[in-house]
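So you can see what is in the structure, the chains are spelled out below.
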Protein chains: 2
Amino acid sequence: MRSAGGPEGRAGATPPSGDGVPADADRTARARIRDAAVYRFAVEGFGASVRAIAADAGVSAGLVMHHFGSKEKLRAECDAHLLATIRRLKRENVADAAAGQSFFHKFAAAEENAPVVGYVLRSMQDGGALAREFIDHMVTDAVDYTRDGVAAGVLVPSRDEAARARYLTLSSLGALLLEVTLSPPSDPSDLVAVVRDYLSNSYLPMMELFSEGFLTSRRMLDDYLLYVSDPPPDEAVPAPAPG
Amino acid sequence: MRSAGGPEGRAGATPPSGDGVPADADRTARARIRDAAVYRFAVEGFGASVRAIAADAGVSAGLVMHHFGSKEKLRAECDAHLLATIRRLKRENVADAAAGQSFFHKFAAAEENAPVVGYVLRSMQDGGALAREFIDHMVTDAVDYTRDGVAAGVLVPSRDEAARARYLTLSSLGALLLEVTLSPPSDPSDLVAVVRDYLSNSYLPMMELFSEGFLTSRRMLDDYLLYVSDPPPDEAVPAPAPG
DNA sequence: CCGCCGGCTGAACGCATGTTCAGTATGCTA
DNA sequence: TAGCATACTGAACATGCGTTCAGCCGGCGG
């Protein structure tokens, strides 16, 4: 399919593609490959074959190697591109982001960036560098948001703000990751639907927990605080789990 | 290594292995293969090769096929075995399990069942049937525990106990999964150390959240409750995220 | 006009995988 | 002792993978 230098050849490839966002056919093969890779990686995970990606982009497998050198480097470029996209989306939405979760909710529930969400989730499954970076960003943001919230008096202060921010972020993202992994959408375009369902199902318990707590007494917390302020002599590390 | 019918041959294989828990060499090859598979799967994930498993068990790859038919069936048997193990451990510890988390904390922090924990985490990463079953069990248990806790007056009641149990379970397990995926132990035997570190780091924020909540006012919760009791006419599904 | 260079293909290579198979050794049964 | 089922091996097969390579084609500088 698509013999080298056919009727249209790589029309419009060498000259700058011109205006705005070009249609799929009218773009650099390189860019098409990258986008196809993002999509395939999001849908199938990073085990997706170079040949499948190449087929999606309408080129040969050899060309992928020609442009990117190796599958690993291709993935690295996808990671970089995704990180840039996320940063842009974040910047665009920072205005109406009130709480830490908020950005992610809006972001993940938006139809148009299903591939981005899928890719990030895959990266989390994989433990890649992107996931680490993404989560660090989320944690940093959460620290900022909670600081503001505490200052404004709408959030309860914590004895260890950093630990709380990390805990809340890991819980939110981890739960979502687990949910999506457990019941993956049959059609990848349903990803956002699954995400939205999960978010709407967890909203009530989350709000209850955030507003009313879970334990009726402070005893376990106080016990723990007492415990860490005066630990038993034979143990350096605070504690695994008193309860 | 270990040619067919060497000096010791399959000594003690056909006759019942006799008493108690036999040493590694003195056991059915079939059992050795299964255990090696559990270990490899836990350490490397389900991409671990049949040859590697066979080598660990000290047999040829062909024998694995002879006993299990296919890699898939081998994994199915590992799943079944793990599920049985988990149920046993649960039964043994049900006595001193007070809260929903408690069992899992003790279970995951115990040195001896690192392979079990690793295998379950891998299964969650993979989205396999075992993970679904395991989590369903955890959720069911959480429902029971919270019912008891609410009845005893130590836990705040929820407007949707099932949803809360699921939310709490997915959050706990998801966060742990994410943490381990993000910074996997270099030596697989360090798994429980990583788990223990994570648990001790999240204990304070968790206790704070459970005891003191996160939001200082009930407004968001009340808004949501008002919203679901009288939803806007153009929308069937409750809500994605008001805030 | 020529030659070159870069985008691009299709076939091939090397490797790892799951699986098959013919064949060997061993213990049980008759 | 003969025969048979079973445990087991080592080589081989088929497949899919990432990657390499010789070569085609077309635009562009001389």
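Residue numbering note: each chain is counted from 1, following its sequence as written. Following the order in which they are written, the chains are lettered starting with A and the ligands numbered starting with 1. Selection of residues for local features in this predicted model requires a pLDDT of at least 70, selection of side-chain atom pairs for listing and counting requires 80 or more, and totals for whole chains, interfaces and linings are taken over all residues. Computation of side-chain values: all heavy atoms of the structure, hydrogens and water removed.

Under an unreviewed UniProt entry, the name given to chain A is TetR family transcriptional regulator, and the source organism is Promicromonospora umidemergens.

Visitor: Tell me what's going on with helix α1 (residues 29–44) of chain B, and back it up with residues and numbers.
Guide: Residue and element names in this part refer to chain B. Counted at 1.5 Å a residue, the expected span for α1 with its 16 residues is 22 Å, and the 22 Å between its end C-alpha atoms agrees. Taken together, the buried positions of α1 are Ala29, Ala31, Arg32, Ile33, Arg34, Ala36, Ala37, Val38, Phe41 and Ala42. Two residues qualify as a contact provided that any one of their heavy atoms is within 4.5 Å of a heavy atom in the partner residue. Per the convention used, a helix needs a DSSP run of H or I reaching at least four residues, while a strand needs a run of E reaching at least two, with both numbered from the N terminus. The secondary structure elements touched by the buried residues of α1 are α2 (50–57), α3 (61–68), α4 (71–93) and α6 (114–126). Gly45, located one to two residues past α1, shows a positive phi value of around 90°. One less than the residue count of a helix, multiplied by 1.5 Å, gives the span that helix is expected to have. For every residue, the accessible area (1.4 Å probe, protein chains only) is compared with the maximum for its type, and the residue is labelled buried under 20%, exposed over 50%, or partly exposed between those bounds.

Visitor: Mind laying out the relation of the copies chain A and chain B, listing which residues take part and the relevant values?
Guide: Each of the two chain copies can be generated from the other by rotation about an axis followed by a shift along it. When the copies are superposed, the least-squares fit takes in the C-alpha atoms of residues with a pLDDT of at least 70 in both. The transform that puts chain A on chain B rotates by 180° and translates by 0.0 Å along the axis, for an RMSD of 0.0 Å. What we have between these two chains is a two-fold relation. The share of interface residues of chain A whose copies in chain B are also at the interface is 98%, consistent with both copies meeting through the same surface.

Visitor: I'd like to hear about the interface of chain A and chain B, residue by residue, with values.
Guide: The interface of chain A with chain B comprises 63 residues on the first partner and 62 residues on the second. Both sides together, the interface formed by chain A and chain B hides about 6100 Å², and carbon and sulfur atoms give 66% of it. Reported buried area values correspond to the accessible surface (1.4 Å probe) lost by two parts on association, with both partners' losses combined. For chain A, the biggest contributors to the area lost against chain B are Tyr167, Leu182 and Phe214 of chain A; these three give 13% of the whole. A pair is scored as a salt bridge if a Lys or Arg side-chain nitrogen falls within 4 Å of a carboxyl oxygen belonging to Asp or Glu. Applying the counting criterion to the chain A and chain B interface returns eight salt bridges. Residues Glu212 of chain B and Arg218 of chain A are paired through a salt bridge, measuring 2.5 Å at the closest nitrogen-oxygen approach. At the level of elements, α5 (100–109), α6 (114–126), α7 (129–152), α8 (161–182), α9 (191–212) and α10 (219–229) of chain A are the ones that each hand at least two residues to the side of chain A that touches chain B. In this count, Pro and Cys sit with the nonpolar residues alongside Ala, Val, Leu, Ile, Met, Phe, Trp and Tyr, while Asp, Glu, Lys and Arg are called charged and the others, Gly among them, polar. Tallied by class, the residues present in the side of chain A that touches chain B amount to 34 nonpolar, 18 polar and eleven charged.

Visitor: With reference to specific residues and values, describe the nonpolar core.
Guide: What tends to happen in soluble globular proteins is that the nonpolar side chains get buried as a cluster. By nonpolar core we mean a set of buried residues, namely Ala, Val, Leu, Ile, Met, Phe, Trp, Tyr and Cys, connected to one another through side-chain atoms within 4.5 Å. Counting residues in each nonpolar core, the largest one holds 130 residues, and the members touching the most others are Met124 of chain A together with Met124 of chain B. Bear in mind that the domain bounds are from an automatic or database domain assignment. Domain assignment of the residues forming this core places at least three in each of domain 1 (9–69) and domain 2 (78–212) of chain A. Non-local contacts of Met124 of chain B, meaning those with residues more than four positions away in its chain, are made with Leu178 and Thr181 of chain A together with Ala131, Phe134, Ile135, Leu173 and Leu177 of chain B.

Visitor: So what's going on with the UniProt feature "DNA-binding region" (unreviewed entry) in chain A? Residues and values would help.
Guide: The feature "DNA-binding region" (unreviewed entry), as given by UniProt, occupies residues 49–68 of chain A in the numbering adopted here. Here residues 49–68 of chain A runs as 80% helix and 0% strand, with 14 Å between its end C-alpha atoms. UniProt positions are given in the numbering used here, feature names are shortened, and annotations may be inferred rather than shown by experiment.

Visitor: Could you give an account of the packing of α1 of chain B against α3 of chain B, naming the residues involved and the relevant values?
Guide: Residue and element names in this part refer to chain B. It is the contact of α1 with α3, at a shortest axis distance of 10 Å, that shows an interaxial angle of 105°. Taken together, the axes of α1 and α3 lie roughly perpendicular to each other. Contact residues: Ala29, Arg30, Ile33 and Arg34 in α1; Leu63, Val64, His67 and Phe68 in α3. Across the contact of α1 with α3, the residue classes tally to five nonpolar, one polar and two charged. Axis lines are fitted through C-alpha atoms, for helices just across the contact stretch, and the angle between N-to-C directions can take any value from 0 to 180 degrees. These descriptions rest on fixed angle ranges, namely under 35 degrees for roughly parallel, over 145 for roughly antiparallel, 65 to 115 for roughly perpendicular, and the rest for oblique.

Visitor: Would you mind going over the side chain of Asn113 of chain A in detail, with residue names and values included?
Guide: Looking at where Asn113 of chain A falls in the secondary structure, it is placed in the loop between α5 and α6. Excluding its chain neighbours within four sequence positions, the residues that come into contact with Asn113 of chain A are Leu89 and Phe107 of chain A.

Visitor: How would you summarise the pattern of salt bridges if you had to cite specific residues and measurements?
Guide: Tallying each qualifying case throughout the model produces 31 salt bridges over all chains. The residue Arg166 of chain A makes a salt bridge to Glu179 of chain B at a minimum N-O spacing of 3.3 Å. In this pair, Arg166 of chain A is assigned in helix α8 and Glu179 of chain B in helix α8 (residues 161–182), connecting two distinct chains. Looking at Arg166 of chain A, the relative accessible area reads 30%, which means it is partly exposed. Judged by relative accessible area, Glu179 of chain B falls into the buried class, the value being 13%. Via salt bridges that share partners, Arg159, Arg218 and Asp222 of chain A together with Glu208 and Glu212 of chain B belong to a single interconnected network.

Visitor: Give me α6 of chain A: which residues, what numbers.
Guide: All names here are of chain A. Between its terminal C-alpha atoms α6 stretches 18 Å, which fits the 18 Å expected from 13 residues at 1.5 Å a residue. The buried count for α6 comes to ten of 13 residues, which makes it a mostly enclosed element. Within α6, the full set of buried residues consists of Ala114, Val116, Val117, Gly118, Tyr119, Val120, Leu121, Ser123, Met124 and Gln125. In the segment just after α6, Gly127 is the residue with positive phi, at about 75°.

Visitor: How would you summarise the packing of α9 of chain A against helix α10 (residues 219–229) of chain B if you had to cite specific residues and measurements?
Guide: Axis separation between α9 of chain A and α10 of chain B bottoms out at 9 Å; the angle between their running directions is 145°. Along this stretch, α9 of chain A crosses α10 of chain B, giving a crossing that reads as left-handed. Residues Ser200, Tyr203, Leu204, Met207, Glu208, Ser211 and Glu212 of chain A of α9 of chain A pack against Met220, Leu221, Tyr224 and Leu225 of chain B of α10 of chain B. Note on convention: near helix rotated counterclockwise from far helix by under a right angle means a left-handed crossing. Clockwise means right-handed.

Visitor: Just give me the short version of the packing of aromatic side chains, but keep the residues and values in it.
Guide: Two rings belonging to Phe, Tyr or Trp (six-membered ring only in the last case) form a pair when the distance between their centres is within 6.5 Å. Interplanar angles under 30 degrees mark stacking, angles over 60 mark edge-to-face geometry, and anything in between is tilted. What the rule picks out here adds up to ten aromatic pairs over all chains. An aromatic cluster is present here, built from Phe41, Phe46 and Tyr119 of chain A joined pairwise through their rings. We call a charge positioned over a ring when the NZ of a Lys or the CZ of an Arg lies within 6 Å of the ring centre and within 35 degrees of the ring normal. Against the face of Phe46 of chain A rests Arg75 of chain A, its NZ or CZ located 3.6 Å from the ring centre. Of note, Arg30 of chain B hangs over the ring of Phe68 of chain B, and the distance from its end group to the ring centre comes to 4.5 Å.

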